[in-house]
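In case you want the letters, here they are:
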Amino acid sequence: MRGKLVVGNWKMHGGLRQNDALFADLRSGWNPPEGRRLAVCVPFPYLWQAQAALSGSAIAWGAQNISERATGAFTGEVSAAMVAEFGCRYVIVGHSERRTLFAETDAVVAAKAAAAMAAGLTPIVCVGETLQEREAGSTEAVVARQLDAVLAELGIRIADAVLAYEPVWAIGTGLTASPAQAQAVHALVRRRLRSVDAADVAVLYGGSVKADNAQALFACPDVDGGLVGGASLKAAEFLAIAHA
Ligand code: PEP
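> What am I meant to see in the site of the ligand here?
Neighbouring residues of the ligand: 14 residues in total, closest Lys11, Glu166, Gly172, Ser208 and Gly229. In the model, an oxygen atom of the ligand is placed 2.7 Å from a nitrogen or oxygen of the lysine 11 side chain. Coverage of the ligand by the protein amounts to 96% of the 290 Å² it exposes when considered alone. Across the shell around the ligand, the residue classes tally to four nonpolar, eight polar and two charged.

> Sorry if this is basic, but what is going on with a nonpolar patch on the surface here?
Residues Leu16, Trp48 and Phe86 make up a contiguous nonpolar surface patch of roughly 300 Å² in combined accessible area. In this fold, phenylalanine 86 is placed in the loop between helix 3 (80-84) and strand 4 (90-93). The class for phenylalanine 86 is partly exposed, based on a relative accessible area of 33%.

> What exactly am I supposed to notice about the nonpolar core here?
A general tendency of soluble globular proteins is for nonpolar side chains to be buried together. Of all hydrophobic cores here, the largest spans 67 residues; its most connected members are Val40 and Tyr205. For this core, the element with the most residues is helix 5 (residues 106-118), which contributes seven residues. With sequence-adjacent residues up to four places away left out, tyrosine 205 is seen in contact with Tyr165, Pro167, Ala170, Thr176, Ala177, Ala182, His186, Leu217, Val223, Gly225, Gly226 and Leu227. By size, the runner-up hydrophobic cluster in this structure holds 14 residues, among which are Tyr90, Val162, Ala202 and Leu227.

> What exactly am I supposed to notice about the side chain of aspartate 224 here?
If you trace the backbone, aspartate 224 turns up in the loop between helix 9 (211-218) and strand 8 (225-228). With relative accessibility at 4%, the residue aspartate 224 sits in the buried group. If we skip the residues at most four places from it in the chain, aspartate 224 touches Arg2, Gly3, Lys4, Leu5, Arg190, Val201, Ala202, Val203 and Leu204.

> Looking at this structure, how should I read the packing of aromatic side chains?
In this description, a pair of aromatic rings is defined by centroid distance and the angle of the planes. Using the criterion set out here, one finds two aromatic pairs in the structure. Ring geometry for tryptophan 10 against phenylalanine 23: centres 5.2 Å apart, planes inclined by 25 degrees, an arrangement best described as stacked. Taken as a pair, tryptophan 10 in the loop between strand 1 (4-9) and helix 1 (16-29) and phenylalanine 23 in helix 1 lie far apart in primary sequence, 13 residues in all. Note on accessibility: tryptophan 10 and phenylalanine 23 belong to one class, buried.

Cut-offs used in this document
Residues numbered from 1 in each chain as written. Predicted model: local features only at pLDDT ≥ 70, side-chain atom pairs only at ≥ 80, totals over all residues. Heavy atoms only, no water. Near = heavy atom within 4 Å. Polar contact = N/O pair within 3.5 Å; in protein donor to acceptor, adjacent residues only side chain to side chain. Areas by Shrake-Rupley, 256 points an atom, 1.4 Å probe, with all protein chains shown as cover. Nonpolar A, V, L, I, M, F, W, Y, C, P; charged D, E, K, R; others polar. Patch = residues over 30% accessible without salt bridge, like charges linked within 9 Å, V, L, I, M, F, W, Y side chains within 5 Å. Salt bridge = Lys/Arg side-chain N within 4 Å of Asp/Glu carboxyl O. Helix = DSSP H or I, 4+ residues; strand = E, 2+ residues; numbered from the N terminus. Buried < 20%, exposed > 50% of the residue type's maximum accessible area, 1.4 Å probe, protein only. Core = buried A, V, L, I, M, F, W, Y, C linked by side-chain atoms within 4.5 Å. Contact = heavy atoms within 4.5 Å. Phe/Tyr/Trp six-rings, centres within 6.5 Å; stacked < 30°, edge-to-face > 60°.

Structure representation (structure tokens):
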């Protein structure tokens, strides 16, 4: 469903005491303008805390990863159903850090998206090219390949997912795609979604989004909001982005 959505990705940051302060600041500072949604995706151990702090508020919460498997002898893994028990609405799948540092393939990402949906979660499926791929002129091919793997697995169920275009070269680097660069890839993603009758999927931009660049990015016709890493750890900055 389109409509503006901003999601914080805390990555492997947090601590009980600082989370309490951040949740409280977000809760008190978020008066959602019509049609705008806000969510935070926190590390697994803090899902209970997010649930306790944000229940009854206008802020949703979620996880940053799940196993593609439902249950079994997979030491250290966490299933979608487990995450759902903590009231999560979202789970990020296919973040570039998972693809590169944890060797997640397109097929694994697609299977994770399907596992999320089977548990009633909304997967936020990340796609995006590396700097090398952009410089080689293969941005479109890479994004299309990543997206097609998920489309092949989900089919029309993609309509209930969220997508995030995150150029890898812009994540955590301070480099941001220009609005024109972001719009060009978002338009490609939208065209592919339209071809399966799912043009109404929210497509977020992620990669060094800050309060001072959010407005220009979010004004692009095919950008429906943002997936925000570092800047989601500071309530004032994150709220400024969400209001942008
Ligand atoms: C992210 O982790 O998804 C992200 C976009 O990070 P950052 O905003 O810090 O670039």
